[in-house]
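# Structural overview for review
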Amino acid sequence: MARSSSGVFVAGLTAAALAAVGYLAYEASAAPDRPARGTHASATPSGAASGKGGEAKGGPAKDAPPAVPANSGEGKRVVYSVGQKRVWLVGAAGPKGAKTFEVAPSTVDPKPGVYAVTSRDPNGTGSDGVPIEHIVRFHRDAAGVVFGFSAAVDGSSPDPKPAKKTGGIREKSADGRAMWDFAPKGTRVVVVP
């Protein structure tokens, strides 16, 4: 029995399509349904845990910001993770309503611990000579390095000189305003690794 060339062509396409579907099914079966516990999707610097995007299959939304570190205490507080270069403003509603954003630290990091806002200034000059606003200070170490959050008026990121020991933690302008509104003098600041 002879076959036409179009029959061979259709049979070839069907075999190729089945192979492609089989490969995709194999890849899908190897992929996890949700991220592993303790992993987080990236967030925009000013992202807030507002639940935007929803959750799929019981896992966190792909655009969900990192969770507030578990070892950061309870109640209203500012949480600063040195390793993640990220801040959370945790209010009375707890971690679910926390605003979070990325920051740009200077040359010296504060040691992990619990501090409190010691002073605030609406504006000043950063150690890099840039005009800054919404200055919220929380610690001075034994070497005299002052640690605090601030935003550059011109929106620039710090360009710290490695030889100069400074503790400024630079925020974007909107994040600096949020910190200013959230953290009056005495507000707890928790620094985690």
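Rules used in this analysis
- Residues numbered from 1 in each chain as written.
- Predicted model: local features only at pLDDT ≥ 70, side-chain atom pairs only at ≥ 80, totals over all residues.
- Heavy atoms only, no water.
- pLDDT = per-residue confidence, 0-100.
- Contact = heavy atoms within 4.5 Å.
- Core = buried A, V, L, I, M, F, W, Y, C linked by side-chain atoms within 4.5 Å.
- Buried < 20%, exposed > 50% of the residue type's maximum accessible area, 1.4 Å probe, protein only.
- Helix = DSSP H or I, 4+ residues; strand = E, 2+ residues; numbered from the N terminus.
- Pairing = 2+ DSSP bridges.
- Axes fitted to C-alpha atoms, helices over the stretch in contact; angles between N-to-C directions.
- Phe/Tyr/Trp six-rings, centres within 6.5 Å; stacked < 30°, edge-to-face > 60°.
- Lys NZ or Arg CZ within 6 Å of the ring centre and 35° of its normal.

### A short note on the confidence of the model for the chain
Overall, the predicted model of the chain reaches an average pLDDT of 77, with 67% of residues at or above 70. Within the model, the stretch residues 8-13 combines pLDDT values under 50 with 1 contact to residues more than four positions away or in other chains. Contacts of residues 16-57 to residues separated by more than four positions or lying in other chains number 43 contacts, the stretch itself having pLDDT below 50.

### Focus on the nonpolar core
Ranked by internal contacts, the top residues of the largest apolar core, which has 23 residues, are V78, V87, F149 and M179. The set of elements that each furnish at least two residues to this core consists of β1 (77-81), β2 (86-90), β7 (131-140), β8 (146-152), α2 (173-182) and β10 (188-192). Broken down by element, the residue count for this core peaks at 4 residues, all from α2. Discounting residues that sit within four places of it in the chain, V87 has contacts with V78, V79, Y80, K99, T100, F101, V103, F149 and M179. Counting 7 residues, the second largest nonpolar core, distinct from the first, contains V68, W88, V90 and V192.

### Some details on the sheet that holds strand β5 (residues 113-116)
Within the open sheet, the 5 strands sit side by side as β3-β2-β1-β10-β5. Their pairing is mixed. Each of the sheet's edge strands pairs with one partner strand only, and the pair in question is β3 (99-102) and β5. Each neighbouring strand pair of the sheet contributes to a mean axis angle of 20°, computed without reference to strand direction. Relative to β3, β2 runs antiparallel, the two being bridged by 4 bridges. By the bridge assignment for β3, V87 is matched with F101.

### Examining the packing of aromatic side chains
Scanning the entire structure with this criterion turns up 4 aromatic pairs. For the ring pair Y80 and F149, a centre distance of 5.9 Å and an interplane angle of 85° mean the geometry is edge-to-face. Of this pair, Y80 sits in strand β1 while F149 sits in strand β8, and the two are 69 residues apart along the sequence. F149 carries the same exposure label as Y80, and that label is buried. Counting every residue linked through ring pairs, the aromatic cluster contains Y80, Y115, F138, F147 and F149. Its guanidinium or amino end placed over the ring of F182, K76 lies 4.7 Å from that ring's centre, counting from NZ or CZ. For R120, the ring lying beneath its charged end belongs to W180, and the centroid distance is 3.6 Å.

### Comments concerning unusual backbone geometry
The phi dihedral of K85 falls on the positive side, at around 55°, and the residue is not glycine. In this fold, K85 is placed in the loop between β1 and β2. Among the residues examined, K85 registers a relative accessible area of 43% and is labelled partly exposed.

### A few points about the sheet that holds β8
Across the sheet, 5 strands lie side by side as β4-β9-β8-β7-β6; this open sheet has mixed pairing. Each having just a single partner strand, β4 (104-105) and β6 (119-125) make up the two edges of the open sheet. Here α2 sits on the sheet and contacts β6, β7, β8 and β9 (167-171); the angle it forms with β7, its principal contact strand, is near 50°.

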